[in-house]
Amino acid sequence: LSQGFRGTVADFPDFDANGDAEALYNAMKGFGSDKEAILDLVTSRSNGQRQEIRSAYKSLYGKNFIRIVTEITDPEWHDTNNNGAGTDEKCLIEILASRTNQQIHDLVAAYNDAYGRDIEQDIIGDTSGHFKKMLVVLLQGTREDDGVVHEEVIEEDAQALFAAGEEQWGTDESIFIMLLGNRSVTHLQLVFDEYQKIAEKSIEDSIKSELSGDFERLMLAVVQCIRSRPMFFAKRLYKSMKGLGTADNTLIRIMISRSEIDMLDIRECFRLRYEKSLHNMIQDDTSGEYKRTLLKLCGGDDDIAGEFFPEAAQIAYKMWEISAMTKVQLRGTVHPISDFDPGSDAQDLRKAMKGFGTDEDTIIEIVAKRSNEQRQEIRHVFKSILGRMNITITTYSLFYRNLCGAGTDEHALIEILVTRSNQEIQDMCAAYKKAFKKNLEDAIRSDTSGHFCRILVSLAQGARDEGPADMGRAEEDAQALADACNAESDEMMDKFMSILCTRSFPHLRRVFQEFVRCSNKDIEQIIKKEMSGDIKNAMYAIVRSVKNQPSYLADRLYKAMKGLGTDDRALIRIMVSRSEIDLFNIRKEFKDTHDTSLHDFIQGDTSGDYRKTLLILCGGED
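If you look the protein up in an unreviewed UniProt entry, it shows as Annexin from Astyanax mexicanus. Per UniProt, the protein carries the Function (unreviewed entry) text "May associate with CD21. May regulate the release of Ca(2+) from intracellular stores." Listed under Sequence similarities (unreviewed entry) in UniProt, the entry text for the protein is "Belongs to the annexin family."

Listed below in structure tokens is the structure:
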């Protein structure tokens, strides 16, 4: 792991508390105050030094400088202030899951000073159930010290977690609370590795499927902090800035509380996980003096694809390893209905569509609650009754029509060809030829060119390997990709294409894991730095799908709805085509990444019958 000091704010050399107090007094007197000077000064002093300035200010001027110095820059004040009136569950979760024993003891004392009350009693009064129990356990600050490992019970602990959740109906939450609330970070990291072998899925996936609500969010946060606190904070910072508005409290709290601890590691993790550096995201998402302060606490910009610090390289390697070992259970949201009667459905649809007006509710009820195969049967019956095709059903099920129409939608082409199985691609090519009297490959060649065209044509063959990983070959492939990074651009593209477009997904997971070892870089970073435009988007989509396809598709849904206007074709295509495969998994990933449910997002972004249909397909609220 990273060595030495990993913060961005350290003790200021030649520190003079009285001199600083005087400078602050001068910056504040007269009309208005010189906020820049104040912020520059307080953010370049450590927390200990700021407390000394506070005392000096009080003795020199007989008044408190609490508004600026404390509110802007005291970590304990931020931790306690965010637990004042009312309960902000997300904030409680972040603080109690991520703090060390000593920090929790300091927080308890600071809360008592600020409010004259016991934080434990307030939490007991404001929360309930297993969520309350786990918060109280964490509040004791009695987790075993890092480095304390009970070798003899690692397997036993992993087995106990498995038996308490995956292995039985219902979940024995007390086992999760006892082990995750008390064992040391080092011990639990080893337990999670062992758990992965037993359950063939990560502890995070088990928590997502076994627990729910605030308790699920708390346990996930605890696990993420045990895996890597810097990665946990990178995710929290990202969520606090993306989307509409900025969660200022979260942003300020994290930037201040981590600036003297591990901000450099957080920056590395941020760069590893997202498409931009933390510095760039602050630059784009904040303004005024506030932006200056945050950028100063951030402490610098990161070259988008430099070498990793040890912390980030280790996390990247581990992420690919977990991805390679996990056997994901895919779950759809739409299933074939029993007692299916295509004749009766066809008659009901005919009735719903004739005469004045249309009975949309009946149409939606039938079309959205039948499997694709059942919809095709209804279509055939409908055609034989009326001698014409029910366009509602046709439009609904032939999502590959998204490939044509005015202009080429490159994002749709990439998404479809990257995420479909060989059989689905072959079926789609046959259906495309039947519908448009020409080959999909010819259409791709006439609408695209260069390396991008070659990537799409390669994917459109539907001939990707389908076997498991071959470890010997994976190491060779990883080395070949690492060598290609130093070659001419055309040669690099040829090598990336020959491996990324043809190898099986399980094999590529191992290739990308070994690539981190060969190059000390993550494959995503290389693609972002060395490629551009459609080629970058295609290669990036392959890597994202290999790592976690439901997460990639959740991201596509988010992009289809956020901002001005909705990309309706992408939204319908993904919801329809994934509803029988993995839409349940996509929903879980959506909630995890965007802190809001797919159901709520659709509710807020669409309307009318369209919304009703999408919500039926969505299949639940999370």
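Chemist: What's the story with the packing of helix H10 (residues 154-164) against helix H12 (residues 185-199) in this structure? I'm lost.
Modeler: For any two helices packed against each other, the geometry comes down to the angle between their axes and how far apart the axes lie. It is the contact of H10 with H12, at a shortest axis distance of 8 Å, that shows an interaxial angle of 60 degrees. Between H10 and H12, the crossing angle belongs to the class labelled oblique. Our pair here, H10 against H12, has a crossing hand that is right-handed. Residue-level inspection shows Ile154, Glu155, Asp157, Ala158, Gln159, Leu161 and Phe162 of H10 in contact with H12, the latter providing His187, Leu190, Val191, Glu194, Tyr195, Ile198 and Ala199. Counted by class, the contact of H10 with H12 contains nine nonpolar, two polar and three charged residues.

Chemist: Which parts of the structure should I look at to understand the side chain of Ser277?
Modeler: Here Ser277 lies in the loop between helix H17 (263-273) and helix H18 (278-285). On the basis of relative accessibility, which here comes to 0%, the residue Ser277 falls in the buried class. A distance of 2.5 Å separates the side chain of Ser277 from the side chain of Asp301, its partner in a polar contact.

Chemist: Explain the packing of aromatic side chains here, please?
Modeler: Ring pairs (aromatic) are described by centroid distance and by the angle formed between their planes. Tallied over the full model, the rule gives 13 aromatic pairs. Here the aromatic rings of Phe162 and Tyr195 are separated by 6.3 Å at their centres, their planes lie at 70 degrees, and the arrangement is edge-to-face. Here Phe162, found in helix H10, pairs with Tyr195, found in helix H12; they are 33 residues apart in sequence, far enough to count as distant. Here the two residues Phe162 and Tyr195 agree in accessibility, since each one is buried. By way of ring pairs, the aromatic residues Tyr25, Tyr57 and Tyr61 are connected into one cluster. The positively charged end of Arg331 is found above the aromatic ring belonging to Phe584, 3.6 Å away from the centroid. In this structure, Lys547 is placed above the aromatic ring of Trp320, and the distance from its NZ or CZ to the ring centre is 4.9 Å.

Quick notes on the rules
Residues numbered from 1 in each chain as written. Predicted model: local features only at pLDDT ≥ 70, side-chain atom pairs only at ≥ 80, totals over all residues. Heavy atoms only, no water. UniProt positions renumbered as here; feature names shortened; annotations may be inferred. Axes fitted to C-alpha atoms, helices over the stretch in contact; angles between N-to-C directions. Helix = DSSP H or I, 4+ residues; strand = E, 2+ residues; numbered from the N terminus. Parallel < 35°, antiparallel > 145°, perpendicular 65-115°, else oblique. Left-handed = near helix turned anticlockwise from the far one by under 90°. Contact = heavy atoms within 4.5 Å. Nonpolar A, V, L, I, M, F, W, Y, C, P; charged D, E, K, R; others polar. Buried < 20%, exposed > 50% of the residue type's maximum accessible area, 1.4 Å probe, protein only. Polar contact = N/O pair within 3.5 Å; in protein donor to acceptor, adjacent residues only side chain to side chain. Phe/Tyr/Trp six-rings, centres within 6.5 Å; stacked < 30°, edge-to-face > 60°. Lys NZ or Arg CZ within 6 Å of the ring centre and 35° of its normal.

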